[in-house]
Amino acid sequence: MDRRNFLQQSTLAAASLNVIAPSTVASQQYYEWRTYQLNSGSKMKVFDEYLQLAFIPAMNALGIENVGVFTEMGMPEPPRLHLLLPFGSLEEFAQSTPKMLREASYQQNSRSFADSASPTSPNFARYENSLMRAFAAIPQMEVPEAKERIFELRTYEGYNDDAVRRKVAMFNDDELPLFYKTGLHPVFFGETLIGEKLPQLTYMLTFRDMEERDANWKKFVDHPEWKQMSGLAKYANSVSKVNRIFLKPTDYSQV
């Protein structure tokens, strides 16, 4: 998506949210999710160094903390790298890149990255991004401990906007407490405002390993509270498609 159009749509989304329910979104974070399609070989190392030495320090200097960087488990080809950027407001999101590009320290730290790219040898092929608003029930990212961990990113598509609205309500009102109870450890939950394959919502969970993941999902699915809430008519047909990927944090990821 063209960044200018992306920012224009973000501004419209902000105006709409402020008119509809300003009190309900004041403390909720916004999440940008970026997916970079990389080029194999030495360019992967160049991109890692750029993120670690230039991009993340610049974001942190602007007050944007807990930047997540993840690789996909299973080694996809071409390789992909995912970034999670939390913002306190839509204005902070819109201003982050322009402010970063003006900073002298960023310009210095990113010079080798810029110099290493050419029309015939770019540092990455393309990237896509989406913008999400945090759920009311989990308005801030929950950053896990910096120890061995994996992540599961799940996207739920709905057949219309009301279906996604009902699924968001299901999480906010009934489902999230059961996640905590059964060991499905949330990192963030977000309703996608701008992105691909709308309408949809996306959330991220973290686990020690796949064994814990499988065991705790079974606890959830077998739990009588899930069986009861999933049978409620008000939540029927709220999800039409589920997409998931499994991720590992890079050594320098802050999530």
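Residues numbered from 1 in each chain as written. Predicted model: local features only at pLDDT ≥ 70, side-chain atom pairs only at ≥ 80, totals over all residues. Heavy atoms only, no water.

A. Structural context of the overall build of the protein chain. In terms of regular secondary structure, the protein chain is built from nine helices and eight strands. Residues classed as buried in the protein chain amount to 45% of the 255 residues present. For the protein chain, contacts bridging at least 24 residues in sequence account for 82% of all contacts bridging at least 6. Carbon together with sulfur atoms contributes 51% to the accessible area of the protein chain, which is approximately 13000 Å² in total. (Helix = DSSP H or I, 4+ residues; strand = E, 2+ residues; numbered from the N terminus. Buried < 20%, exposed > 50% of the residue type's maximum accessible area, 1.4 Å probe, protein only. Contact = heavy atoms within 4.5 Å. Areas by Shrake-Rupley, 256 points an atom, 1.4 Å probe, with all protein chains shown as cover.)

B. Quick look at the nonpolar core. Of all hydrophobic cores here, the largest spans 26 residues; its most connected members are Tyr-50, Leu-51, Phe-55 and Leu-81. Contributions of two or more residues to this core are made by strand S1 (30-38), helix H3 (42-61), strand S3 (80-87) and helix H4 (90-102). Sort the elements by how many residues they give to this core and H3 lands first, with eight residues. Non-local contacts of Phe-55, meaning those with residues more than four positions away in its chain, are made with Arg-34, Tyr-50, Leu-83, Leu-85, Met-100 and Tyr-106. In terms of nonpolar packing, the next biggest core, distinct from the first, is built from 22 residues, Phe-135, Tyr-156, Phe-171 and Tyr-203 among them. (Core = buried A, V, L, I, M, F, W, Y, C linked by side-chain atoms within 4.5 Å.)

C. Focus on helix H8 (residues 210-222). A rise of 1.5 Å per residue sets the reference length of H8, with its 13 residues, at 18 Å; its end C-alpha atoms lie 18 Å apart and thus fit the reference within 8%. Of all the residues in H8, the buried ones are Glu-212, Arg-213, Asn-216, Trp-217 and Phe-220. When H8 is viewed along its axis, its buried side chains cluster within an angular range of 125° and face the same direction. Residues Glu-211, Lys-218 and Lys-219 are exposed on H8 and point more than 90 degrees away from its buried face. On its buried face, H8 is in contact with strand S5 (150-157), helix H7 (161-181), strand S6 (185-194), strand S7 (200-207), helix H9 (224-230) and strand S8 (241-249). Two to three positions downstream of the cap, the backbone nitrogen of Glu-211 sits 3.2 Å from a side-chain oxygen, assigning the N-cap of H8 to Asp-209. (Expected span 1.5 Å × (residues − 1). Arc of directions from axis to C-beta. Polar contact = N/O pair within 3.5 Å; in protein donor to acceptor, adjacent residues only side chain to side chain.)

D. The pattern of salt bridges, seen in detail. The final tally for this structure, using the stated rule, is 15 salt bridges. For Arg-133, the salt bridge goes to Glu-191, with nearest N and O atoms at 3.5 Å. Of this pair, Arg-133 sits in strand S4 (residues 124-134) while Glu-191 sits in strand S6, placing them 58 residues apart in sequence. Glu-191 sits in the partly exposed class, given a relative accessible area of 22%. Taken together, the shared-partner salt bridges in this structure form one network comprising Glu-152, Arg-154, Arg-213 and Asp-214. (Salt bridge = Lys/Arg side-chain N within 4 Å of Asp/Glu carboxyl O.)

E. Up close: the packing of aromatic side chains. For the structure shown, the criterion picks out 29 aromatic pairs. With a centroid separation of 5.9 Å and 80° between ring planes, the pair formed by Phe-179 and Trp-217 is classed as edge-to-face. Placement of the pair is Phe-179 in helix H7 and Trp-217 in helix H8, with a sequence separation of 38 residues. When its relative accessible area of 10% is taken as the criterion, Trp-217 is described as buried. One aromatic cluster in this structure is built from Phe-135, Tyr-156, Phe-171, Phe-179, Phe-189, Tyr-203, Trp-217, Phe-220 and Trp-226. A cation over a ring is seen here: Lys-167 above Phe-171, with NZ or CZ 4.8 Å from the ring centre. (Phe/Tyr/Trp six-rings, centres within 6.5 Å; stacked < 30°, edge-to-face > 60°. Lys NZ or Arg CZ within 6 Å of the ring centre and 35° of its normal.)

F. Here's a closer look at the pairing of S3. Of all eight residues in S3, seven are buried, a share of seventy percent or more. Across eight bridges, the pairing between S1 and S3 is antiparallel. For Glu-32, the partnering residue across the bridge sits in S3 and is Leu-85. As defined by bridge partners, strand S2 (residues 68-72) adjoins S3 across four bridges and the pair is classed as antiparallel. Residue pairing across strands places Phe-70 opposite His-82, the latter belonging to S3. (Pairing = 2+ DSSP bridges.)

G. Structural view of the confidence of the model for the protein chain. This prediction gives the protein chain a mean pLDDT of 89; 89% of its residues lie at or above 70. Within the model, pLDDT remains below 50 along residues 3-26, and this stretch shows 30 contacts once partners closer than five positions in the same chain are excluded. (pLDDT = per-residue confidence, 0-100.)

H. View of the sheet that holds S8. In spatial order, the strands read S1-S3-S2-S8-S5-S7-S6-S4; together these eight strands close into a barrel with antiparallel pairing. Strand-to-strand twist across the sheet, computed as the mean angle between neighbouring axes with direction ignored, equals 35°. Sheet topology note: the S5/S7 ladder contains eight bridges and is antiparallel. Residue pairing for S7: Tyr-156 is matched across the bridge by Leu-201. Packing against the sheet, H7 makes contact with S5, S6 and S7, and its axis sits at approximately 15° to S7. (Axes fitted to C-alpha atoms, helices over the stretch in contact; angles between N-to-C directions.)

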